[in-house]
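Below are the chains, spelled out letter by letter.
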Amino acid sequence: MVNHKIKAAEENLIHVYNRFPIALDYGEGMYLYDIDGKEYLDFAAGFAVSGLGYGNRELNEALKSQIDQLYHTSNLYYHVNCAEAAENLNRISGMDRVFFTNSGSEANEGALKAARRYAHNKKSGRYEFIAMENSFHGRSFGAVSVTGHDAYREPFEPLVPGVSFAKFNDLESVRALVTDKTCAIILEPLQGEGGINLATREFMEGIRKICDENDILMICDEVQCGMGRTGSMFAWQDYGVRPDILTMAKGIGNGIPVGAFAVTEAVARFSLQPGDHGATYGGNPLACMAVTKVIEIFEKNDIIGHVNQIAPYLTKKLDELTENLDCVIERKGKGLMQGIVVKQPAAEVNARAIEEGLLVIQAQGNVLRFVPPLIVEEKHIDEMIEKLMRALTK
């Protein structure tokens, strides 16, 4: 049955994904099941999306109820869900104003426009961006223009002009690129696609200082590393370095398509005005219900506390793997967003892991990425290590 469904997909879909030959059917907790009933332990969480795992009944019931009530309306009108989601998201993110999108790419696109509009309204003449090497911010034209991978950029050039790339965790390389035309610096506090690269405290504080001294906006992309991944609701809070613009998606909706970019009050006063930006489905009642309910469950079940309790165990087990296997070079990352650098082609290890019933993700630099649902327990980590050991030593 799996092969039949896969063949039908291959004949009807545009081939933009290197899909693995499994057809998933349903999920429960930490596990996914294909249409033939095979079980997979999920340490990918749909690219760090499903923080609450699968089949969370409280979230599911809230979404079902919302579908029966209202799931789309024009943004020309207010609705209670949007107001509540915005209030809650600003509260946990430490920001002041939020705009809802449908994805992380859209969130970053909006953030770039907000930064350009801020510069325009202040009549500063600034329009250039500094981004980071090995970064990933999405696949729309603006987002891919600030993505630091040639493979993502070159097929679509010419891209948005005025973008230069600094070395991640190298403040001098950032300073060397600052000009009187620089309007914003964009970075991920913890790079995901780029290879699980964690920003140092010195780098984050240094970026903030550069921005403050030069009237430049600091944009933190927390689409993947936000919403509890690093042990705080948002990674910037680990550093105490508040950005001017924060982007998010993935975990804030636990699988419902929703993203957002949030700004400080100071940016909001001089940035986007009515008519400058929009999203037909952004901030719809269903997505906003998901955001509010996810935050409610996070706080009620102390998901952040659980991440901080369980993450050291994942770190310990991955460190042991690194020490005991010659084919593993190093462990990287923080919290429940970690990776290992392997000597074998990561794609081959990934394929063997799937055969063992384990889902992980690849990243740049021959890295296997581990971003499990935040409800993961020690027993799941032990099971993951057993399956991964077999995949690495086959």
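Notes on the structure follow. Treat the numbers as computed from the prediction; the structure is a model and nothing was measured.

1. Observations regarding the pattern of salt bridges
Stage number 1. Summed over the entire model, instances satisfying the criterion amount to 21 salt bridges.
Stage number 2. Glu-299 is the partner of Arg-91 in a salt bridge, and the nearest nitrogen-oxygen pair spans 2.7 Å. Placement of Arg-91 in helix α4 (residues 80-93) and of Glu-299 in helix α12 (residues 285-300) is noted, with a sequence separation of 208 residues between them.
Stage number 3. Residue class for Glu-299 comes out partly exposed when judged on its relative accessible area of 39%.
Stage number 4. In this structure, Asp-238 engages Lys-334 in a salt bridge whose closest nitrogen and oxygen atoms are separated by 3.2 Å. You can see Asp-238 sitting in helix α10 (residues 236-239) and its partner Lys-334 sitting in strand β13 (residues 328-334), a full 96 residues away along the chain.
Stage number 5. Salt bridges sharing common partners tie together Glu-58, Lys-293, Glu-296 and Lys-300.

2. Focus on α4
Stage number 1. Counted at 1.5 Å a residue, the expected span for α4 with its 14 residues is 20 Å, and the 20 Å between its end C-alpha atoms agrees.
Stage number 2. Next to the buried residues of α4 lie α3 (57-69), β4 (97-101), α10, β11 (245-248), β12 (259-263) and α12.
Stage number 3. With its phi angle positive at about 80°, Gly-94 sits one or two positions after the end of α4.

3. Let's talk about the sheet that holds strand β2 (residues 31-34)
Stage number 1. With mixed pairing, the four strands of this open sheet are ordered in space as β1-β2-β3-β15. Looking at strand neighbours, the two that pair on one side only are β1 (24-28) and β15 (358-359), the edges of this open sheet.
Stage number 2. As defined by bridge partners, β2 adjoins strand β3 (residues 39-42) across three bridges and the pair is classed as antiparallel. Each bridged residue has a counterpart across the sheet, and for Tyr-33 the counterpart in β3 is Glu-39.
Stage number 3. Against the sheet, helix α15 (residues 378-393) touches β2, β3 and β15, its axis set at about 110° to β3.

4. Brief notes about α3
Stage number 1. With 13 residues, α3 extends 18 Å between its outermost C-alpha atoms, agreeing within 8% with the 18 Å of an ideal straight helix rising 1.5 Å per residue.
Stage number 2. Considered for burial, the residues of α3 that qualify are Leu-59, Ala-62, Leu-63 and Gln-66. With its buried residues spanning 95° around the axis, α3 presents them on a single face. In α3, those exposed residues whose orientation departs by more than 90 degrees from the buried face are Arg-57 and Asp-68.
Stage number 3. The backbone nitrogen of Glu-58 has a side-chain oxygen 3.2 Å away, supplied by the residue at the start of α3, namely Asn-56.

5. Here's the deal with the state of the cysteines
Stage number 1. Under the criterion given, the structure shown has zero disulfides.
Stage number 2. Free of any disulfide, Cys-220 has its nearest neighbouring cysteine sulfur in Cys-225, separated by 7.9 Å.
Stage number 3. With relative accessibility at 0%, the residue Cys-220 sits in the buried group.
Stage number 4. On the basis of relative accessibility, which here comes to 1%, the residue Cys-225 falls in the buried class.

6. Focus: the packing of aromatic side chains
Stage number 1. Taken as a whole and judged by the stated rule, the model has five aromatic pairs.
Stage number 2. A ring pair is formed by Tyr-26 and Tyr-33, whose centres lie 4.7 Å apart and whose planes are at 10°; its orientation type is stacked.
Stage number 3. For Tyr-26, a relative accessible area of 45% translates into the label partly exposed.
Stage number 4. With relative accessibility at 15%, the residue Tyr-33 sits in the buried group.

7. Remarks on the side chain of His-137
Stage number 1. Position of His-137 among the secondary structure elements: in the loop between β5 (128-132) and α6 (141-145).
Stage number 2. Here Asp-221 takes part through its side chain, which lies 2.7 Å from a polar atom of the side chain of His-137.
Stage number 3. In contact with His-137, other than residues within four places in its own chain, are Gly-104, Ser-105, Asn-108, Ala-143, Val-146, Thr-147, Ile-186, Leu-187, Glu-188 and Asp-221.

8. Some details on the nonpolar core
Stage number 1. Among the nonpolar cores identified, the biggest contains 82 residues, and Phe-43, Met-132, Ile-207, Ile-340, Met-384 and Leu-392 are the most heavily contacted of them.
Stage number 2. Leave out the neighbours within four places in its chain, and Leu-392 touches Leu-321, Leu-325, Cys-327, Val-328, Ile-340, Val-342, Gln-344, Val-349 and Arg-352.
Stage number 3. Counting 19 residues, the second-largest nonpolar core is a separate cluster that includes Ala-115, Val-163, Ile-245 and Val-267.

9. What to know about the side chain of Ser-50
Stage number 1. Structurally, Ser-50 can be placed in the loop between α2 (45-48) and α3.
Stage number 2. The contacts of Ser-50, once residues within four sequence positions are left out, are Ala-45, Asn-254 and Pro-373.

10. A look at the environment of Ile-375
Stage number 1. Within the element layout of this structure, Ile-375 appears in the loop between β17 (367-370) and α15.
Stage number 2. Taking the C-alpha atoms as reference points, Ile-375 and Arg-97, separated by 278 residues in sequence, lie 29 Å from one another.
Stage number 3. Setting aside anything within four residues of it in sequence, one finds Ile-375 in contact with Gly-29, Met-30, Gly-51, Leu-52, Gly-53, Ile-303 and His-306.

Rules of the game
Residues numbered from 1 in each chain as written. Predicted model: local features only at pLDDT ≥ 70, side-chain atom pairs only at ≥ 80, totals over all residues. Heavy atoms only, no water. Salt bridge = Lys/Arg side-chain N within 4 Å of Asp/Glu carboxyl O. Helix = DSSP H or I, 4+ residues; strand = E, 2+ residues; numbered from the N terminus. Buried < 20%, exposed > 50% of the residue type's maximum accessible area, 1.4 Å probe, protein only. Expected span 1.5 Å × (residues − 1). Contact = heavy atoms within 4.5 Å. Pairing = 2+ DSSP bridges. Axes fitted to C-alpha atoms, helices over the stretch in contact; angles between N-to-C directions. Arc of directions from axis to C-beta. Polar contact = N/O pair within 3.5 Å; in protein donor to acceptor, adjacent residues only side chain to side chain. Disulfide = S-S within 2.5 Å. Phe/Tyr/Trp six-rings, centres within 6.5 Å; stacked < 30°, edge-to-face > 60°. Core = buried A, V, L, I, M, F, W, Y, C linked by side-chain atoms within 4.5 Å.

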